[in-house]
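# Commentary on secondary and tertiary structure
So you can see what is in the structure, the chains are spelled out below.
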Amino acid sequence: MKVIDLRSDTVTLPTPAMRQAMYEAECGDDVWGEDPTVGRLERMAAQVTGKEAAVFVVSGTMGNLTAVLSWCGRGDEAIVGDQAHVFLNEAGGASALGGVAYHTAPNDERGRLAPRDVEAAIRADNIHYPRTGLVCLENTHNRCSGAVLTPQDTRAVAEVAHRHGIPVHLDGARLFNAAVYLGIPARELTKDVDSVSFCLSKGLCAPIGSLLCGSGEFIRKARRIRKMLGGGMRQVGVIAAAGIVALEAMVDRLAEDHQNAHRLAVGLAGIPGIRLDPERVQTNIVIFQWKLGLAPELIAGLGQRGVKASYMGGDQVRMVTHHGVTAQDIEDALTVAADVAQSFRAAGVSR
Ligand SMILES: *Cc1c(COP(=O)(O)O)cnc(C)c1O
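Everything in this summary refers to the structure shown in the same document. In this text the structure is predicted, and so the values were computed from the model without any measurement.

The subject of this paragraph is the layout of surface pockets. Counted as a void, the largest pocket has a volume near 240 Å³. A per-element tally of the lining of the largest pocket places strand β10 (residues 285–290) first, with three residues. Across the lining of the largest pocket, the residue classes break down as five nonpolar, three polar and five charged. When residues of the lining of the largest pocket are assigned to domains, at least three map to each of domain 1 (12–249) and domain 2 (253–346).

See below:
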């Protein structure tokens, strides 16, 4: 049986060009700053995000954690969206390891924070209050169906934060999906933030790695934090080489994932029992509600027919398109989804 794996774009495999580049990578001890391939990747990342410097980290989680610990001290608060990955999906690292409290503000359907909510969350200078150390944004927004923040959305929040002297970090795990959707360079989406992390290991297909980018001074601090977290790596050019291929060859093709996700969303929306608004699907993440039973049962039924989806809690199911999924796979997945949904309806009637 053919398997169509729509659980996440993290399931993407390194391409043949990546494996070749990994084989040939020039290496050195990166903790000593002597790995030329890592250096090249870091310079590329800084350039593409319009920042002075960048540091290669193990994961998006480590990139965000390193950023929060670099900006905030113990007892500080970080203002984050209540649907943010950094709040929901990173094991509370900033609190556990940095003594930083998360202060949530509501994300709207499109993953935005309202500037007035951010302003209300910023603490006044008063000995009773914690200090606000950071504001975090997320683009694209994982929990909000891959929604894209525009440069205007980002600037509106950054203006408020900066007026209060507070830096802004962007969790740009899927930054390039946003840039490709808007048809603008990634640096347009990062110019108003003080630091940004992005993942090589999702839609860009590299096996591992993220980059944290910011000013030279910020990145010097972040390197110390990365070392503290155990993320100082040695001959890691073997991995960085795949990341270079990811940035050079895998960004523009994200448009194909977006087309496939849109087709998937339109098809799913036509299946009785499934609720979603295809117009909300901007990039490669489709989240729908299953109304005729339990979502985990639907996911199990799809899985038996070779279509893998992930559970998002409540009645929500997530499907993500990526390099390993073709337009034909989407048509096949829709046929399976229609069949499985129909079988649930038939069982519901007979019950
Ligand atoms: C995946 C993801 C991360 C974390 O990346 P890992 O490499 O899995 O640690 C951070 N933020 C967002 C929005 C993500 O989707």
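From this point, the discussion proceeds with the structure in view.
Here the focus is the packing of aromatic side chains. In this structure the tally under the stated criterion is four aromatic pairs. Pairing Trp71 with Phe218 gives two aromatic rings, centres 4.5 Å apart and planes at 20 degrees, and the pair type is stacked. With Trp71 in helix α3 (residues 60–71) and Phe218 in helix α10 (residues 216–228), the pair connects residues that are 147 residues apart, well separated along the chain. The class of Trp71 is partly exposed, set by a relative accessible area of 24%. A relative accessible area of 5% places Phe218 in the buried class.

Taken together, 13 residues sit near the ligand, with Gly60, Thr61, Asp171, Arg174 and Lys202 positioned nearest. His85 places a side-chain nitrogen or oxygen 3.4 Å from a nitrogen atom of the ligand. Surface burial for the ligand is 85%, taken as the share of its 380 Å² of free accessible area covered by protein chains. Residue contributions to the shell around the ligand peak at three residues, all from α3. Residue classes in the shell around the ligand are distributed as two nonpolar, six polar and five charged.

Between the first and last C-alpha of helix α12 (residues 254–269) there are 23 Å, a value that for 16 residues agrees with the 22 Å anticipated at 1.5 Å per step. For α12, the complete set of buried residues consists of Leu254, Asp257, His258, Asn260, Ala261, Leu264, Ala265, Gly267 and Leu268.

In this section: the sheet that holds β10. If you trace the four strands from one edge of the open sheet to the other, you get β9-β10-β13-β12, paired in antiparallel fashion. Edge positions in the sheet fall to β9 (274–275) and β12 (310–311), since each of these pairs with one other strand and no more. Pairing between β9 and β10: two bridges, direction antiparallel. Note that in β10 the partner of Ile274 across the bridge is Trp290. Here α12 sits on the sheet in contact with β9, β10 and β13 (316–320), set at roughly 10 degrees to β10. Helix-sheet contacts for helix α13 (residues 295–304) involve β10, β12 and β13, and the interaxial angle to β13 is about 35 degrees.

A separate point is the environment of Val31. Residue placement: Val31 occurs in the loop between α1 (16–24) and α2 (36–49). With 24 residues separating them along the chain, Val31 and Arg7 place their C-alpha atoms 35 Å apart. Apart from residues lying up to four places away in sequence, Val31 is in contact with Lys227, Gly232, Met233 and Arg234.

Definitions and cut-offs
Residues numbered from 1 in each chain as written. Predicted model: local features only at pLDDT ≥ 70, side-chain atom pairs only at ≥ 80, totals over all residues. Heavy atoms only, no water. 1 Å grid on protein atoms, 1.4 Å probe; cavity = no way out; pocket = protein on both sides within 12 Å on 5 of 7 lines; lining within 4 Å. Points joined across faces, edges and corners; volume = space filled by probe spheres on them. Helix = DSSP H or I, 4+ residues; strand = E, 2+ residues; numbered from the N terminus. Nonpolar A, V, L, I, M, F, W, Y, C, P; charged D, E, K, R; others polar. Domains from an automatic or database assignment. Phe/Tyr/Trp six-rings, centres within 6.5 Å; stacked < 30°, edge-to-face > 60°. Buried < 20%, exposed > 50% of the residue type's maximum accessible area, 1.4 Å probe, protein only. Near = heavy atom within 4 Å. Polar contact = N/O pair within 3.5 Å; in protein donor to acceptor, adjacent residues only side chain to side chain. Areas by Shrake-Rupley, 256 points an atom, 1.4 Å probe, with all protein chains shown as cover. Expected span 1.5 Å × (residues − 1). Pairing = 2+ DSSP bridges. Contact = heavy atoms within 4.5 Å. Axes fitted to C-alpha atoms, helices over the stretch in contact; angles between N-to-C directions.

The analysis is restricted to geometry; functional conclusions fall outside its scope.
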